[in-house]
Amino acid sequence: MLVAAAICPCLPSLTFATDVGTPAAPERLRVACAEAVAAVLAEDPEIVAVVGPGTRSFLHEEGFLPSAREHGLPADVRRGHGRAPEAPADSLPMALGVGARLLQQAGWSGPVRAYELDDARSWPMNGEDGVHLAGWADRVGLLVIGNGPSHAGADGAHLLDPRVEEIDAGIAAALSSGDVTGFFPTMDVGLARELEVSGRSPWQLLDGADWDLTTHRLLHTETVDGVSCFVATWSP
């Protein structure tokens, strides 16, 4: 059963900045992520699942914590959108690496499994996987990693797409309400890919896993390097 979930953005600068000597993510964002992860661990989970976007759908059993350099990151590691350079086939993708490091920083030493999700997956598949994931143990904690839309235009220019504001508002409302309106299941895969919404599949899986969580808190929202970032907790 899912006992709590934390939602955090996929920003390498949350956890990898010191590896390459670049500025960390904004302090308020880092504090909010630490608070969200701590809220999950406070529910005494038997296992924590980290779910995030990648290039395939693949379950990583307990593994290692990758470094920024293992992901081929350039010196400026602050940008959180777009695809990172290819990591070795057997390594965690960047999003799951960020999640694993957040757990490490919070002092978690229990079992961790990481689930990489292809961004083209359908809602029924993601939702069913959420139900399955919630059954991994009697007490499952979930850390969901993913970003909202990019604020750059499709051509890379810094021209805000008029749809971004509406999507940002929908994500914020869904995270703060437990998605009672079904915003995540209806998020269009083509639009999400166009606007680089990497959280679509992970948030859909969260929707499927959440049967009994009744308290939903949106802790923080912020745009960092042109990417919409959301931090939230879902708890009993």
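Note that the structure is predicted; figures quoted are calculated from it, not measured.

This part is about the overall build of the chain. Of the regular secondary structure elements, the chain holds seven helices and seven strands. Buried positions account for 54% of the 236 residues belonging to the chain. Looking at the chain alone, contacts between residues at least 24 apart form 79% of all its contacts between residues at least 6 apart. Here the chain displays about 10100 Å² of accessible surface, and carbon together with sulfur accounts for 54% of that area.

As a further point, take the pairing of strand β7 (residues 227–235). Counting buried positions over the nine residues of β7 gives nine, a clear majority of the element. A two-sided burial pattern is seen for β7, the buried positions comprising Val227, Cys229, Val231, Thr233 and Ser235 on one face and Ser228, Phe230, Ala232 and Trp234 on the other. Strand direction decides the pairing type here: strand β1 (residues 2–8) and β7, joined by three bridges, are antiparallel. Of the residues in β7, the one forming a bridge with Ile7 is Ala232. As defined by bridge partners, strand β6 (residues 215–224) adjoins β7 across nine bridges and the pair is classed as antiparallel.

Scanning all chains against the criterion turns up six salt bridges. Arg193 is the partner of Asp119 in a salt bridge, and the nearest nitrogen-oxygen pair spans 2.6 Å. Residue Asp119 is located in the loop between β4 (112–118) and α4 (123–134), and its partner Arg193 is located in helix α6 (residues 189–194); the two are separated by 74 residues in the primary sequence. Through salt bridges with shared partners, a single network forms among Asp161, Arg163 and Glu194.

So, about α4. Taking 1.5 Å as the rise per residue, α4 with 12 residues should run 16 Å; its terminal C-alpha atoms sit 16 Å apart, in good agreement. Restricting attention to buried positions, one finds in α4 the residues Asn126, Gly127, Asp129, Gly130, Leu133 and Ala134. The arc that holds every buried residue of α4, seen down its axis, measures 160°, which confines them to one face. Opposite its buried face, α4 presents the exposed residues Glu128 and His132, each directed more than 90 degrees away. As for α4, its buried residues are in contact with β1, β2 (47–54), β4, β5 (140–145) and α7 (200–209).

This part covers the pairing of β4. Burial analysis of β4 places five of its seven residues in the buried class, which makes it a mostly covered element. Pairing of β2 with β4 involves seven bridges; the strand directions are parallel. When the bridges of β4 are listed, Ala49 appears paired with Arg113. Bridge analysis of strand β3 (residues 58–60) against β4 gives three bridges, and the strand direction is antiparallel.

What counts as what
Within each chain, residue numbers correspond to sequence positions counted from 1 in written order. Since the coordinates come from a predicted model, pLDDT governs what is reported: local features require at least 70, and pairs of side-chain atoms require 80 or more to be given and counted, while whole-chain, interface and lining totals use all residues. Just so you know, side-chain values use all the structure's heavy atoms and leave hydrogens and water out. Strands here are runs of E lasting at least two residues and helices are runs of H or I lasting at least four, both read from the DSSP assignment and numbered beginning at the N terminus. Each residue's exposure class comes from its accessible area (1.4 Å probe, protein chains only) as a fraction of the maximum for that residue type: buried when under 20%, exposed when over 50%, partly exposed otherwise. Whether two residues touch is decided by their heavy atoms; if any such pair falls within 4.5 Å, the residues are in contact. Values of accessible area rely on a 1.4 Å probe in the Shrake-Rupley scheme; residue burial ignores everything except the protein chains shown. Note on pairing: two strands pair once DSSP finds at least 2 bridges between them. Any Lys or Arg side-chain nitrogen found within 4 Å of a carboxyl oxygen on Asp or Glu counts as a salt bridge. By this rule the span expected of a helix is its residue count minus one, scaled by 1.5 Å. In this description, one arc is meant: the one made by directions from the helix axis to the C-beta atoms.

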